[in-house]
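# Tertiary structure, described
Residues per chain, in single letters:
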Amino acid sequence: MLSLALAVAANPEPIHWIDLGLKPYLFEIGSFQLRWYSLAYLGGILLGYWHLGKMIKAPGAPMAQRHLDDLFFYCTLGIILGGRLGYATFYSPELWSNPLELLKLWNGGMSFHGGLVGTVVAMGWVAWRGGLSFLRVIDYVAVVVPFGMLFGRLANFINGELWGRVAESPIAWAMIFPGAGPYARHPSQLYQAGLEGLLMMLVMLWLFWRTKARWRPGLLGATFATGLGLARFVAEYFREPDAQLSEFAVRTGLSMGQWLSLPLLVVGVVFLVRALVRPPLGAAKQA
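Now for a look at the structure at hand. Just so we're clear, the structure is a prediction, and the values are computed from it rather than from any experiment. (Residues numbered from 1 in each chain as written. Predicted model: local features only at pLDDT ≥ 70, side-chain atom pairs only at ≥ 80, totals over all residues. Heavy atoms only, no water.)

A count of helical and extended segments in the protein gives 11 helices and 4 strands. Relative to a compact globule of 287 residues, whose C-alpha radius of gyration would be 19 Å, the protein shows 20 Å and is just as compact. For the protein, the spread of C-alpha atoms along the three principal axes comes to 65 × 40 × 40 Å. Here the protein, with 287 residues, has 44% of them falling under the buried criterion. Sequence-distant contacts in the protein: of pairs separated by 6 or more residues, those separated by 24 or more amount to 68%. Surface accessibility of the protein: about 15,100 Å² in total, with carbon and sulfur atoms responsible for 69%. (Helix = DSSP H or I, 4+ residues; strand = E, 2+ residues; numbered from the N terminus. Rg over C-alpha atoms; globule rule 2.2 N^0.38 Å. Buried < 20%, exposed > 50% of the residue type's maximum accessible area, 1.4 Å probe, protein only. Contact = heavy atoms within 4.5 Å. Areas by Shrake-Rupley, 256 points an atom, 1.4 Å probe, with all protein chains shown as cover.)

If you want it as structure tokens, here you go:
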């Protein structure tokens, strides 16, 4: 990030991503590479687990430590399996005809919306097994999801992948990415890291620790769904559609990411209204 800031300040010409000296891995030993993308998943899951541990110690927690341990295991499976299967379904259907390629996670290709569905299924399973409130489990997990979103989008940038659209007007931070032609593009990975990751993280942490949002079942989860749906919808205007879906984006007027964000927005708004019109937990007892 420091290299990027210095490049923006010193050079009015488009920035060449390759000049930033970024590598997709932390280190390599022989043929083994510890890649930043793997570390992003691992870091997001571990940080989320740690912070959830702090959250359930605060008053009003809907779960105990044993439930958190189950969530850690099943949500990790949901993220990986849902993300991969979602990518095959929405972005690369040909993978279904080649199961061996579908299993090669190291070749890349993960869908956020697929991972979200996998995580919701995992939360539903843990809530059902433990006799927990499904909505409140979603509320608590939603607070920590932006950690992984932030790390994942930064890893996309470090990998030089999922670049943005060609910048129609000159901007100081426009970049030329390897494999994307000689055109200066928006670093949309950083836009998504800021909107879907950092901004949502600050909003969700503030709501949980500084307000009484946790006492309104569904409010935190609905805020996350609405905010993330809006952030993704906006960011997609600056992101280059996947090559195999560029024609789909032209034909429908929206990218696949935008179409998949619309149901998220609708569900978020519905549950947001529901949470606000209903009395908070403990209101009847206080009355």
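Additional details are given in the paragraphs that follow.
So, about the packing of aromatic side chains. Applying the stated criterion across every chain, the model contains 11 aromatic pairs. A centroid spacing of 5.2 Å and a plane angle of 85 degrees characterise the contact between Tyr140 and Phe208, whose relative ring orientation is edge-to-face. Taken together, the residues Tyr140 in helix H6 (residues 134-159) and Phe208 in helix H7 (residues 188-210) connect sequence positions 68 residues apart. By relative accessible area, Tyr140 is classed as buried at 0%. (Phe/Tyr/Trp six-rings, centres within 6.5 Å; stacked < 30°, edge-to-face > 60°.)

In this section: helix H3 (residues 65-90). When the terminal C-alpha atoms of H3 are compared, their 35 Å separation across 26 residues agrees well with the 38 Å that a helix rising 1.5 Å per residue should span. Buried within H3 we find His67, Leu68, Leu71, Cys75, Gly78, Gly82, Gly83, Arg84, Gly86, Tyr87 and Ala88. (Expected span 1.5 Å × (residues − 1).)

So, on to the pairing of strand E3 (residues 32-35). Where strand E2 (residues 25-29) and E3 come together, 4 bridges link them in antiparallel fashion. The residue bridging Phe27 from the neighbouring strand is Leu34, located in E3. Count of turn residues in the E2/E3 antiparallel hairpin: 2 residues, of which Gly30 carries a positive phi of about 65 degrees. (Pairing = 2+ DSSP bridges.)

Attention now moves to the nonpolar core. As a rule of thumb, nonpolar side chains are buried together in soluble globular proteins. Membership of the largest hydrophobic core comes to 36 residues, with the highest contact counts inside it found for Leu71 and Val137. Elements with a minimum of two residues in this core: helix H2 (36-55), H3, helix H5 (112-130), H6, H7, helix H8 (219-235) and helix H10 (256-277). Per-element tally for this core: the top contributor is H6, with 9 residues. Not counting chain neighbours up to four residues away, the residues in contact with Val137 comprise Met63, Leu71, Met123, Ala127 and Leu132. (Core = buried A, V, L, I, M, F, W, Y, C linked by side-chain atoms within 4.5 Å.)

So, on to the side chain of Arg232. In this structure, Arg232 sits in helix H8. Arg232 sits in the buried class, given a relative accessible area of 5%. For Arg232, the side chain forms a polar contact with the side chain of Glu236, separated by 2.7 Å. (Polar contact = N/O pair within 3.5 Å; in protein donor to acceptor, adjacent residues only side chain to side chain.)

Here we come to H5. Spanning 19 residues, H5 covers 27 Å between terminal C-alpha atoms, matching the ideal 27 Å at 1.5 Å per step. For H5, the full list of buried residues reads Phe112, His113, Gly114, Gly115, Gly118, Thr119, Ala122, Met123, Val126 and Ala127. As for H5, its buried residues are in contact with H3, H6, H8 and H10. With a side-chain oxygen positioned 3.4 Å from the backbone nitrogen of His113, the residue opening H5 is Ser111. Positioned one or two residues after H5, Gly131 has a phi angle of 65 degrees, which is positive.

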